[in-house]
Amino acid sequence: ADMVVGQVYDDPQLKELMAISDRVDAAMEAYGQDRPYIPMAECAAVSEANLCDFQCEVWILNAFGVPFEEGALAQEARENRWLKDSGTPLHAVGKLLEENGLSVRRQYESTQEELQTAIDAGEHVIVVVDGEILDGKSQYTDDELCDYHAVVCLGADASSLKIYNPAKGIAPEEYPAGRFMNAWHEAGGYM
C-alpha cells in the first residue's frame, strides 16, 4: 500500500484527483448524500481550445482595467492547474480574478433572484451553463453529458440576458431568459 500511495503523490494529476475526491467526500459527509454538490472533476470547456473560463476572466480583467499580460496569465493558470487541456475545473473558476485583486465568491445551486441581485449590484458574474442548451441545439441535458461552458452575465430583464459568450466573439449578446435559465439550471446553477 505504501508504494501505491507514493506513486499517487508523485503524479501531479493523481495527487490533484485525490485532493478533489477528499473534498467531495468531506462535503458529502457534512451535508448528506442528497445534498447537491459541484461536480469537482468537471471542466468548463465549450469554446475554442477549451478556454471559455479563461476568456471570461480575461474579459472581466479588461472590463475593470486590471493590467495583465495574457501569456503570463495563461502560464500561471496552467502551472496552478486552473486551466487544463480539458478546460477549467469548475472549482477553479475565478482563480485568476482573485490572483489579480478582484473579489470572487462562488455559489452552486444558485437562484434566479441571487443572480439578479448580483447583476443589479453591477457585478460581472461568471456562470456555468450547458452550452448546447444556451445555443438552442438541445432542450435538456443528460446528467452524464452536460456541456459545461462559462459565460459572463452582464444584464438581465424579464425576457432576456445580456451575456459575454466567448464561443460567440467579443461583443456581449442578448439571450432569451427562458433558454438561459434552462441552460444554467441544467449545469447546476453555478455562479
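Rules and cut-offs
- Residues numbered from 1 in each chain as written.
- Predicted model: local features only at pLDDT ≥ 70, side-chain atom pairs only at ≥ 80, totals over all residues.
- Heavy atoms only, no water.
- Buried < 20%, exposed > 50% of the residue type's maximum accessible area, 1.4 Å probe, protein only.
- Helix = DSSP H or I, 4+ residues; strand = E, 2+ residues; numbered from the N terminus.
- Disulfide = S-S within 2.5 Å.
- Phe/Tyr/Trp six-rings, centres within 6.5 Å; stacked < 30°, edge-to-face > 60°.

K.L.:
Explain unusual backbone geometry to me, please; I cannot follow it from the model alone.
P.N.:
Apart from glycine, the bulk of residues carry a negative phi angle, and the bulk of peptide bonds sit in the trans form. The phi dihedral of Arg-81 falls on the positive side, at around 60°, and the residue is not glycine. Taking the relative accessible area as the measure of exposure, Arg-81 reaches 23% and is therefore partly exposed. In this model, Glu-109 sits at a positive phi of 60°, which is unusual for a non-glycine residue. For Glu-109, the location among the structural elements is in the loop between α5 (95-99) and α6 (112-120).

K.L.:
When you look at the state of the cysteines in this model, what are you seeing that I'm missing?
P.N.:
A covalent bond between the sulfur atoms of two cysteines is what we call a disulfide. Within this structure, the stated rule accounts for zero disulfides. Summary of cysteine pairing: Cys-52 is not part of a disulfide, and the nearest cysteine sulfur, belonging to Cys-56, is at 6.3 Å. Take Cys-52: its relative accessible area is 0%, and that puts it in the buried class.

K.L.:
Honestly, the packing of aromatic side chains in this entry has me stumped. Any pointers?
P.N.:
Think of a pair of aromatic rings as described by two things: how far the centres are apart, and how the planes are tilted against each other in angle. Counted according to the given criterion, the structure contains three aromatic pairs. Where Tyr-108 meets Tyr-190, the ring centres are 6.5 Å apart and the plane angle is 55°; that geometry is what we call tilted. Here the residue Tyr-108 occupies a position in the loop between α5 and α6, and Tyr-190 occupies one in the segment after α8 (177-186), the gap between them amounting to 82 residues.

Distances and angles like these do not, on their own, reveal function.
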